[in-house]
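# Commentary on secondary and tertiary structure
This is what each chain is made of:
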Amino acid sequence: MNSSIPVIAIDGPTASGKGTVAQRVADHLGYHYLDSGALYRLTAFSAMRGGVDLAHEAALAELASSLKIRFVNDQILLDGEDVANAIRAEEVGNSASKIAALPAVRRALFDLQVSFRTLPGLVADGRDMGTVIFPDASLKVFLTASVGARAQRRYKQLIDKGFSASMTDLLKDLTERDARDSNRAVAPLKPAEGAHLLDTSDMTVDQAVEQVLGWYAAGRGS
Ligand code: DC
């Protein structure tokens, strides 16, 4: 069993900045990094491309368990094709949020997520890292930011990646996705028991990273 391998679980709503913070914490510690949202996005992307109905639970679960994915540096390879930018599109995020409510899809992605727990350690970000996938994580963080701050961050991210974006649409999308991710029956977005709450609305990335590393060091008694 790999339960002795340390995990830092960072959960939070969409566009909270948890991906950037998690990646930086992983780099600092020399740990592996799991972007679990990318797995839901890849499943949604594949379904949209292959014309699979986003309500067909069995077909989507089958698709999720047969994905050929590799993470190589900044690239996310799906059947050898780099789709790292393509899966960041808002419509892919919205579809990912819809299929993520289906229990069979979550089950299909379970083993793949757990397999990322390898030495020397893992930083995992998502919605249910601390509640469902790694309930024994050494450190659990629930990272949030106001809807306004998150819409601005997502706007910048989309423009930087060459997508068009509208603040009004983003605010509406984020609010809808928050509601869907938080109110679903399986693995809803909520702070894990014992999670440290981190509101980054008025924080820089550096400050948030330092706070997480500080909590981790304190928990290990150093
Ligand atoms: O973190 P993200 O925006 O890339 O995630 C896309 C969608 O995937 C999100 O709206 C909900 C879903 N998701 C999930 O249900 N559980 C996770 N651990 C990660 C993402």
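Let me sum up the structure you'll find in this document. These numbers come from a predicted model, not from an experiment.

How each quantity is defined
Residues numbered from 1 in each chain as written. Predicted model: local features only at pLDDT ≥ 70, side-chain atom pairs only at ≥ 80, totals over all residues. Heavy atoms only, no water. Near = heavy atom within 4 Å. Polar contact = N/O pair within 3.5 Å; in protein donor to acceptor, adjacent residues only side chain to side chain. Areas by Shrake-Rupley, 256 points an atom, 1.4 Å probe, with all protein chains shown as cover. Helix = DSSP H or I, 4+ residues; strand = E, 2+ residues; numbered from the N terminus. Nonpolar A, V, L, I, M, F, W, Y, C, P; charged D, E, K, R; others polar. Pairing = 2+ DSSP bridges. Axes fitted to C-alpha atoms, helices over the stretch in contact; angles between N-to-C directions. Contact = heavy atoms within 4.5 Å. Buried < 20%, exposed > 50% of the residue type's maximum accessible area, 1.4 Å probe, protein only.

### A short note on the site of the ligand
- Within the structure, the ligand sits among 18 residues, and R41, R106, R127, D128 and R184 are positioned closest to it.
- One nitrogen or oxygen atom from the side chain of K18 is found 3.3 Å from an oxygen atom belonging to the ligand.
- Here a nitrogen atom of the ligand sits 2.9 Å away from a polar atom, N or O, in the side chain of D128.
- For the ligand, whose accessible area on its own is 450 Å², the fraction buried by protein is 98%.
- Listed by contribution, the elements that provide at least two residues to the shell around the ligand are α2 (36-50), α4 (90-99) and α9 (167-183).
- In terms of residues, the shell around the ligand owes the most to one element, α2, which gives four residues.
- Residue composition of the shell around the ligand, by class: four nonpolar, five polar and nine charged.

### Points about the sheet that holds strand β6 (residues 122-126)
- With parallel pairing, the five strands of this open sheet are ordered in space as β2-β6-β1-β7-β8. The open sheet terminates on both sides in strands that have one partner only, identified here as β2 (32-35) and β8 (196-199). Put simply, the sheet's adjacent strands are angled 20 degrees from each other on average, direction ignored.
- Strand direction decides the pairing type here: strand β1 (residues 7-11) and β6, joined by five bridges, are parallel. Each residue of the ladder has a partner; that of V7, found in β6, is L122.
- Packed on one face of the sheet, helix α1 (residues 18-29) meets β1, β2, β6 and β7 (139-144) and runs near 180 degrees to β6.

### Thoughts on unusual backbone geometry
- In this structure, P120 follows L119 across a cis peptide bond, with omega equal to 5 degrees.
- With respect to the helices and strands, P120 occurs in the loop between α6 (110-114) and β6.
- A positive phi angle, near 60 degrees, is found at A15, a position not held by glycine.
- Tracing the chain through its elements places A15 in the loop between β1 and α1.
- Positive phi, normally seen in glycine, also occurs at N73, with a value near 50 degrees.
- Here N73 lies in the loop between β3 (69-72) and β4 (75-78).
- N73 sits in the exposed class, given a relative accessible area of 79%.

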